[in-house]
Amino acid sequence: MNKKNPDQKSEMSSSSSSPKKQTLFISSLIILWYTSNIGVLLLNKFLLSNYGFKFPIFLTMCHMSACAILSYVSIVFLKLVPLQYLKSRTQFMKVATLSIVFCASVVGGNVSLRYLPVSFNQAVGATTPFFTALFAYLMTFKREAWVTYCALVPVVTGVVIASGGEPGFHWFGFIMCISATAARAFKSVLQGILLSSEGEKLNSMNLMLYMSPIAVIALLPVTIVMEPDVMSVTLSLGRQHKYMWILLLLNSVMAYSANLLNFLVTKHTSALTLQVLGNAKGAVAVVISILLFRNPVTVMGIGGYSITVLGVVAYGETKRRFR
């Protein structure tokens, strides 16, 4: 009988444990990504709607401040990714434009959470592929296969049905949510156009590093004009509720970690995997929000959201097959 060399045994055991470690690492990333994304969404709703902190613009500015500071620490000190530099004033203007659009999407989403339940907010947010396809066609004349456009019909139809069956429907909240969804899609298409050349491409971590300070500067005067009593009310809430500052800090850190983990999950899996996980994340967020906030739901609303999610899945699959 041939006896195996101890070195060979150790090599075999290490090679077999390596895939397990990789699987465990990716699974941990996905769980953390889900936790941060759903956590920041639910905390936003809690602060803006249930806690008396009715300042969505200031909350967005807190998020952007955390993203600016933590992006700098992650890239410059922790060196999670190489630092990329802006090479021209033109490139800076492109990044600034993206930052303003991104701000609009985040502010719109936060404002909508004051008036709409998280479940309906997620249903409307699921229509992002529809707006992405629309802006891609209008701005770049990029056409998809007709089957791909057909898959978008249930995406929109589902939201129309969900709107009719939503007990907590609010027109202003709905308009802000639709606007935020459209702005998010517009930003992704605009990013593809503005930073398309190889010399100007930035990974999402570096893009966040440059976008965040611009967003803070843009949001500061808007906050002063539209939410002038934010500091006095925030200080008053801080005296009444001892966990106020912890919640605000945790919420801001989670907003950054959602972006960081989004980048890491994409890096270690694929954009398609992220899209599939994102669809499932929306459904998980809906279930958790209903359990936490006890907002009433109807069979019609659940049916509409289900149709939208199935439409998004079909859109992603047809886009992959007919690329």
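Treat the numbers as computed from the prediction; the structure is a model and nothing was measured.

**Remarks on the packing of helix α2 (residues 56-77) against helix α8 (residues 204-226)**
Then step 1. At their nearest, the axes of α2 and α8 sit 8 Å apart, and the two run at 155° to each other. Considered as vectors, α2 and α8 are oriented roughly antiparallel to each other. For the element pair α2 and α8, the recorded crossing hand is left-handed.
Then step 2. Partitioned by chemical class, the residues of the contact of α2 with α8 number 18 nonpolar, seven polar and no charged.

**Observations regarding the pattern of salt bridges**
Then step 1. This structure, assessed with the given rule, holds four salt bridges.
Then step 2. Of the charged contacts, one joins K94 and E200 as a salt bridge, the two residues approaching to 2.8 Å between their closest N and O atoms. One end of the pair, K94, is in helix α3 (residues 89-115); the other, E200, is in the loop between α7 (171-194) and α8, with 106 residues separating them in the sequence. An identical accessibility class is assigned to K94 and E200; each is buried.
Then step 3. Residue E317 is joined to R321 by a salt bridge in which the shortest nitrogen-to-oxygen separation is 2.8 Å. You can see E317 and its partner R321 sitting in helix α12 (residues 299-321), four residues apart, about one turn around the helix.

**Concerning the side chain of T60**
Then step 1. Following the sequence through the fold, T60 ends up in helix α2.
Then step 2. Apart from the residues lying within four places of it in its own chain, the contact partners of T60 are V106, V107, N110 and L219.

**A look at the layout of surface pockets**
Once rolled over the atoms, a probe with the size of a water molecule shows which space is left empty.
Then step 1. Its volume calculated, the second largest pocket comes out at about 160 Å³.
Then step 2. Contributing to the lining of the second largest pocket are 14 residues, with S119, V297, G301, I302 and Y305 lying nearest its centre.
Then step 3. Looking at the lining of the second largest pocket, the elements that each hand over two or more residues are α4 (118-125), α11 (271-293) and α12.
Then step 4. When grouped by side-chain class, the residues that make up the lining of the second largest pocket number nine nonpolar, four polar and one charged.

**Describing the packing of aromatic side chains**
The geometry of an aromatic ring pair is captured by two quantities: the separation of the ring centres and the angle between the planes.
Then step 1. The tally for this structure, following the rule as stated, stands at 13 aromatic pairs.
Then step 2. Measuring from ring centre to ring centre gives 5.2 Å for F46 and Y51, while their planes differ by 45°; the resulting arrangement is tilted.
Then step 3. Residue class for Y51 comes out buried when judged on its relative accessible area of 12%.
Then step 4. For the ring pair F135 and F186, a centre distance of 5.3 Å and an interplane angle of 65° mean the geometry is edge-to-face. Placement of the pair is F135 in helix α5 (residues 128-140) and F186 in helix α7, with a sequence separation of 51 residues.
Then step 5. What links up through ring pairs into an aromatic cluster is the set F120, F169, W171 and F174.
Then step 6. K281 extends its terminal NZ or CZ atom over the ring of W33, reaching a point 5.9 Å from the ring centre.

What counts as what
- Per-chain numbering applies: the sequence of each chain, read as written, is numbered from 1 onward.
- Owing to the predicted nature of the model, reporting of local features is limited to residues with pLDDT of at least 70; listing and counting of side-chain atom pairs is limited to 80 or more, with chain, interface and lining totals taken over all residues.
- To obtain the side-chain values, all non-hydrogen atoms of the structure were included, while hydrogens and water were left out.
- Orientation is described by lines fitted to C-alpha atoms, with helices fitted over the stretch in contact, and by angles between N-to-C directions that extend from 0 to 180 degrees.
- A run of H or I in DSSP becomes a helix once it reaches four residues, and a run of E becomes a strand once it reaches two; helices and strands are each numbered from the N terminus.
- Note that the term roughly parallel is reserved for angles under 35 degrees, roughly antiparallel for angles over 145, roughly perpendicular for angles of 65 to 115, and oblique for everything else.
- Definitions for this section: a left-handed crossing has its near helix turned counterclockwise from the far helix by less than a right angle. A right-handed crossing has that turn clockwise.
- Asp, Glu, Lys and Arg are counted as charged, while Ala, Val, Leu, Ile, Met, Phe, Trp, Tyr, Cys and Pro are counted as nonpolar; the rest, among them Gly, fall into the polar class.
- Salt-bridge detection follows one rule: a side-chain nitrogen of Lys or Arg within 4 Å of a carboxyl oxygen of Asp or Glu.
- Buried, partly exposed and exposed residues are distinguished by accessible area as a fraction of the type maximum, computed with a 1.4 Å probe on protein chains only: under 20%, between the cut-offs, and over 50%, respectively.
- Throughout, a residue-residue contact means that at least one pair of heavy atoms, one from each residue, lies within 4.5 Å.
- Lining residues are defined by having an atom within 4 Å of a point belonging to a cavity or pocket. Those points lie on a 1 Å grid over the protein atoms alone, cavities being sets where a 1.4 Å probe fits but cannot get out and pockets being open sets with protein on both sides within 12 Å along at least five of seven lines.
- Grid points are joined across faces, edges and corners, and a volume is the space filled by probe spheres set on the points.
- For Phe, Tyr and Trp, rings pair up if their centres lie within 6.5 Å, where Trp contributes its six-membered ring, and each pair is then called stacked (planes under 30 degrees apart), edge-to-face (over 60) or tilted (otherwise).
- Criterion for a charge above a ring: Lys NZ or Arg CZ within 6 Å of the ring centre, and within 35 degrees of the ring normal.

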